Every structure is written in structure tokens, then in C-alpha cells.
Amino acid sequence: MKDLLAQRVNPDVPSALSGLFTKDDDPRAISFAAGSPNQDLFPVQAMRTAFDTAIRNQGAHLFQYQTAQGNAGLRDQLARRIGKWGQVQTTGDHVVLTVGGQQALELVAKTLLNPGDEVVVEAPSYVGALAAFDLYAPTYYGVPLQDDGIDLNALEDTLRQHPNIKLLYTVPDYHNPTGITMTVGKRQQLVALANKYDFVILEDSPYRDLGYEHLPLPAIKAFDTEGRVIFVSSMSKILMPGLRTGWLVADGDLLTAILRARQASDLEANNIVHAAVDAYLTANDLDAHVGILKADYQRKCAAMIQALEDYFPDEVSFTRPEGGFFNWVTLPEELDADRLLSETIIPQAHVSYVPSTNFYPDRNVRNGFRLSFTGLAPETIDEGMHRLGDQIKAALHTAKPVV
């Protein structure tokens with residue numbers, strides 16, 4: 001049967017998502033791996049009412065075939081939202097609704113990439129995007145991150161050396177996996193480089209509303225002068241992931257091509273769900289709900305950073321995000337985060353994280369890992385980090401220097 005399969009689903013080549021979660025059935029297990037929102041804050045009753053409203057307003061037509069772009073009312077609301085918070089001047093005609101942000105990423109990959117096409121990703125980069133791109137067999141170039149976003153000097157060096165680069169993928173707001181945020185100046189310069197070197201920017205920004213103390217920065221798309229930035233976001237992190245409501249903003253030929261790819265995939269997204277989300281946004285203050293989320297996640301992020309300071313050895317460094325879901329930890333080079341997790345940390349401490357190999361296309365960086373804090377109580381965070389810190393101290397004590 002293997003010979004009948006397309007190369008993109010070759011069972012000998014694991015998906016980038018396959019290493020994301022590890023299993024630990026111990027009742028004491030604490031997982032910092034899944035980037036999950038706090039389900040206790042889901043507006044379940046308001047969403048139930050929104051579904052009832054959508055069915056009452058549209059009746060049988062709600063369950064009929066609709067359009068490839070998706071519910072017009074929701075598209076208009078999302079266009080206004082990205083205009084208000086992202087300074088992107090657009091309309092619902094340029095919005096495409098998708099089955100979560102992940103489908104939006106895969107649609108863009110399907111639309112743009114042929115085998116061997118050259119793609120720039122941040123190093124490290126979101127594992128779900130790598131999984132989507134991998135299906136189309138691109139050639140990757142990783143560009144390192146700095147404290148204020150992608151290293152533009154390294155990026156331009158890469159662009160000079162590889163003039164056929166077609167696509168750059170970035171998570172500019174409270175980056176997954178590092179928590180870093182790109183400055184406004186770098187956003188502007190990135191668009192200028194895209195215009196100069198003729199490539200498309202895929203801006204993935206599901207966390208942009210979740211800054212703990214600051215309003216969202218202008219989107220990269222706000223500086224787009226040639227229609228070469230595709231903006232992607234999702235309601236998963238600010239409403240409910242089970243709604244599978246993602247969306248993208250694109251222009252001109254890119255929009256037309258994405259819609260064509262969309263029609264070949266599934267004809268349309270789930271209109272019933274999207275009509276309910278539209279009704280929810282009409283009847284409720286989403287920004288007030290987001291404010292509740294931000295207060296909760298800020299408290300948990302503070303607990304995570306305090307625990308990192310209290311329990312981790314000085315040889316370990318970590319990011320200090322100002323929003324979003326994640327911290328990034330860098331170990332001394334002699335430590336292998338994959339091996340530590342499987343051989344020591346899960347069996348002895350019953351704590352899990354996502355090792356750094358999952359966030360690099362060539363899987364060659366082994367001394368880091370991602371921590372997610374949003375789905376755990378502060379006291380659970382403290383306990384898990386105490387256990388994890390003890391294991392890392394012990395590993396450092398016994399580690400042999402890299403030769």
C-alpha cells in the first residue's frame with residue numbers, strides 16, 4: 001500500500017505535529033505542552049444563545065450551501081475588528097473564513113508552493129505552519145529571532161543569497177513558540193524587504209489581542225502597499241477553539257487564487273458555526289471578554305516567570321512574554337531537551353513540555369523547549385516548574401561538555 005501514497009503523506013516521514021505531545025498517564029502529571037486556553041472562561045451560555053439566534057433568524061436557509069468566502073456578516077465584523085485594532089483598511093470582501101487558523105495556513109501553502117519552492121521561516125517557528133508547509137515539500141531557510149522580532153540583517157543576507165524566495169512566514173505578536181513580539185519598525189521594514197525582493201508575507205496572528213498591558217500593534221498587513229501580505233488569525237485563542245473559526249485577509253490575485261484552492265478543499269467553511277459567531281459578536285462585547293482572558297493569563301504568566309526565576313539554574317535562559325500563551329527556555333548546549341524529557345523528566349517528575357526540535361524545519365536545535373501556562377492554575381504551574389527545575393539542575397550536574 002505504501003507505494004500508492006503520495007510523497008506528501010509518506011508514512012516514513014513524520015508530521016511536524018507528531019512530536020508535539022507526549023503521553024503520561026500518571027495522576028500527578030502536569031503538562032506545559034498544549035497551547036490551550038482556559039476552558040473555565042469559555043462563554044458557553046452566551047454561545048448557546050448565539051446558536052439559537054442564528055437558527056431563529058435564518059431558519060432552514062442556515063443549513064443550505066453558502067459561499068466559499070463564508071458568512072458575510074461575520075466577515076464584515078472581522079474586517080472592522082482588524083481595522084480598529086490592526087489598522088488594516090479592508091472590507092468583508094477581502095476576508096475568507098476558514099476551519100480554524102490551521103486551514104488558512106494550509107490553504108496559503110497549497111496556493112503558493114510547488115516542491116522545492118523557497119520559504120523563509122523564523123527559527124524557531126510555529127510547528128503547525130511547518131506541518132502545513134511540509135506537505136508541499138518546500139526548501140526552508142530559517143532566520144533567527146531577536147528580542148524584538150526577526151533578525152532583519154540575517155533575513156536580507158538570506159534574500160540576497162537566495163533571490164527566488166517566494167514566501168516568508170511570521171508570527172509577529174506574542175510569538176509561538178517564544179512569546180516575542182515584533183516591533184512596529186521591523187514590521188514596516190519587513191514589508192519594504194518584501195517589495196524589494198518580491199516575496200509574499202504570511203502574517204499569522206492568533207494571539208494579537210492578548211497583550212497583557214498594551215493594545216495590539218499595527219498588523220504587518222497595515223503597511224502593505226502592494227497586496228503581498230496575507231493576514232491570518234483565529235477565534236480559537238480569544239473565544240473557543242472548538243468553534244474552528246479562522247480567517248484570512250488577502251487582496252487581488254492572491255485572494256482569487258486562495259478562493260479557488262478553498263473550493264477544491266471543502267467548498268465552504270461551517271456556515272452554522274460562523275452564523276452563531278456572528279450573532280455572538282453582535283450581542284456581546286468581545287473586547288470585555290478578552291479583558292477577562294488577559295487578566296487571567298497575565299497572572300499565570302507571572303507565576304511561570306517567578307517559578308523560572310526560583311527553580312531554574314542560572315545557566316538556563318528564558319523569554320519574558322508580554323502577552324500570549326508561551327515561554328521559551330534555552331538550556332546549555334550540552335543538554336538535549338528531547339532526551340531529558342523521555343528518559344528522565346516524564347518518568348521521574350511527570351512533567352512535559354514541547355522540545356525545540358519540533359519548531360525547526362531541520363530539527364537540529366535540541367537544547368530548548370516551549371512552555372504553555374494558560375490552561376493551568378498558578379499553584380499547578382509552581383509545582384510543575386519546581387519538579388522540572390530540579391530535574392534540569394540534576395542533568396546539568398551530570399552532563400558532559402559538548403566536544
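No experiment lies behind these values; they were computed from the predicted model shown.

**Concerning the overall build of the protein**
Part 1 of the reasoning: Helix and strand content of the protein: 11 helices and 14 strands.
Part 2 of the reasoning: The C-alpha atoms of the protein give 21 Å as radius of gyration, which agrees with the globular expectation for 403 residues (22 Å, within 12%).
Part 3 of the reasoning: Here the C-alpha coordinates of the protein stretch approximately 65 × 50 × 50 Å along the principal axes.
Part 4 of the reasoning: Looking at the protein as a whole, 56% of its 403 residues qualify as buried.
Part 5 of the reasoning: Taking all contacts inside the protein whose residues are at least 6 apart in sequence as the whole, residues at least 24 apart take part in 74%.

**As for empty space enclosed by the protein**
Part 1 of the reasoning: Going through the model one piece at a time under the given rule, you end up with 1 cavity of 30 Å³ or more.
Part 2 of the reasoning: What the largest cavity holds in volume is close to 80 Å³.
Part 3 of the reasoning: As for the largest cavity, its lining consists of Arg81, Ile82, Trp85, Arg208, Asp209, Phe231, Ser233, Ser234, Met235, Ile238 and Trp247.
Part 4 of the reasoning: Listed by contribution, the elements that provide at least two residues to the lining of the largest cavity are α2 (72-86) and β8 (229-234).
Part 5 of the reasoning: Among the residues making up the lining of the largest cavity, the classes are represented as 6 nonpolar, 2 polar and 3 charged.

**Quick look at the nonpolar core**
Part 1 of the reasoning: Counting residues in hydrophobic clusters, the biggest one holds 66 residues, and the most contacted among them are Phe312, Phe369, Leu371, Met385 and Leu388.
Part 2 of the reasoning: A per-element tally of this core places helix α9 (residues 286-311) first, with 11 residues.
Part 3 of the reasoning: Counting residues in each nonpolar core, the second largest holds 29 residues, with Leu113, Leu130, Tyr169 and Leu254 among its members.

**Observations concerning helix α3 (residues 100-112)**
Part 1 of the reasoning: With 13 residues, α3 extends 19 Å between its outermost C-alpha atoms, agreeing within 8% with the 18 Å of an ideal straight helix rising 1.5 Å per residue.
Part 2 of the reasoning: Among the 13 residues of α3, 10 are classified as buried, and the element is accordingly described as predominantly covered.
Part 3 of the reasoning: Buried within α3 are the following residues: Gly100, Gly101, Gln103, Ala104, Leu105, Glu106, Leu107, Val108, Ala109 and Leu112.

**A few points about the pairing of strand β14 (residues 368-372)**
Part 1 of the reasoning: Of all 5 residues making up β14, 5 are buried, and the element is well covered by its neighbours.
Part 2 of the reasoning: Alternating residues of β14 divide into Gly368, Arg370 and Ser372 and Phe369 and Leu371, and every residue in both groups is buried.
Part 3 of the reasoning: Across 5 bridges, the pairing between strand β11 (residues 326-330) and β14 is antiparallel. By the bridge assignment for β14, Val329 is matched with Phe369.

**Here's the deal with helix α4 (residues 127-134)**
Within an α-helix, residues lying three or four positions from one another point in the same direction, as the helix has 3.6 residues per turn.
Part 1 of the reasoning: Within α4, 7 of the 8 residues are buried, which leaves the element mostly enclosed by the surrounding structure.
Part 2 of the reasoning: Residues of α4 that are buried: Val127, Gly128, Ala129, Leu130, Ala131, Ala132 and Phe133.

**Comments concerning the packing of aromatic side chains**
Part 1 of the reasoning: One pass over the full model with this rule turns up 8 aromatic pairs.
Part 2 of the reasoning: Summarising the aromatic geometry, the rings of Phe133 and Tyr169 are spaced 5.5 Å apart at their centres and angled 80 degrees between planes, so their arrangement reads as edge-to-face. One end of the pair, Phe133, is in helix α4; the other, Tyr169, is in strand β6 (residues 165-170), with 36 residues separating them in the sequence. For the pair Phe133 and Tyr169, a shared accessibility class is recorded, and that class is buried.
Part 3 of the reasoning: Feature note: the residues Tyr207, Tyr297, Phe325 and Phe326 constitute an aromatic cluster, connected by ring pairs.

**A word on the packing of helix α10 (residues 337-349) against helix α11 (residues 378-398)**
When two helices pack together, you describe them by how their axes are tilted relative to each other and by the distance separating the axes.
Part 1 of the reasoning: Two elements in contact, α10 and α11, have axes whose closest approach is 10 Å; the angle formed by their N-to-C orientations is 130 degrees. The angle between the axes of α10 and α11 places the two elements in the oblique class. Two packed elements cross with a definite hand, and for α10 against α11 that hand is right-handed. Side by side, α10 and α11 meet where Leu340, Thr344, Ile345, Gln348 and Ala349 of the first sit next to Arg387, Leu388, Gln391 and Ala395 of the second.
Part 2 of the reasoning: Tallied by class, residues from the contact of α10 with α11 come to 5 nonpolar, 3 polar and 1 charged.

**Focus on the pattern of salt bridges**
Part 1 of the reasoning: Evaluated as defined, the whole model comprises 22 salt bridges.
Part 2 of the reasoning: Residues Lys84 and Asp287 are paired through a salt bridge, measuring 3.5 Å at the closest nitrogen-oxygen approach. Of this pair, Lys84 sits in helix α2 while Asp287 sits in helix α9, and the two are 203 residues apart along the sequence.
Part 3 of the reasoning: Given a relative accessible area of 54%, Lys84 falls into the exposed group.
Part 4 of the reasoning: Residue Asp287 is classed as partly exposed on the basis of its relative accessible area, which comes to 28%.

Rules used throughout
- Residues numbered from 1 in each chain as written.
- Predicted model: local features only at pLDDT ≥ 70, side-chain atom pairs only at ≥ 80, totals over all residues.
- Heavy atoms only, no water.
- Helix = DSSP H or I, 4+ residues; strand = E, 2+ residues; numbered from the N terminus.
- Rg over C-alpha atoms; globule rule 2.2 N^0.38 Å.
- Buried < 20%, exposed > 50% of the residue type's maximum accessible area, 1.4 Å probe, protein only.
- Contact = heavy atoms within 4.5 Å.
- 1 Å grid on protein atoms, 1.4 Å probe; cavity = no way out; pocket = protein on both sides within 12 Å on 5 of 7 lines; lining within 4 Å.
- Points joined across faces, edges and corners; volume = space filled by probe spheres on them.
- Nonpolar A, V, L, I, M, F, W, Y, C, P; charged D, E, K, R; others polar.
- Core = buried A, V, L, I, M, F, W, Y, C linked by side-chain atoms within 4.5 Å.
- Expected span 1.5 Å × (residues − 1).
- Pairing = 2+ DSSP bridges.
- Phe/Tyr/Trp six-rings, centres within 6.5 Å; stacked < 30°, edge-to-face > 60°.
- Axes fitted to C-alpha atoms, helices over the stretch in contact; angles between N-to-C directions.
- Parallel < 35°, antiparallel > 145°, perpendicular 65-115°, else oblique.
- Left-handed = near helix turned anticlockwise from the far one by under 90°.
- Salt bridge = Lys/Arg side-chain N within 4 Å of Asp/Glu carboxyl O.

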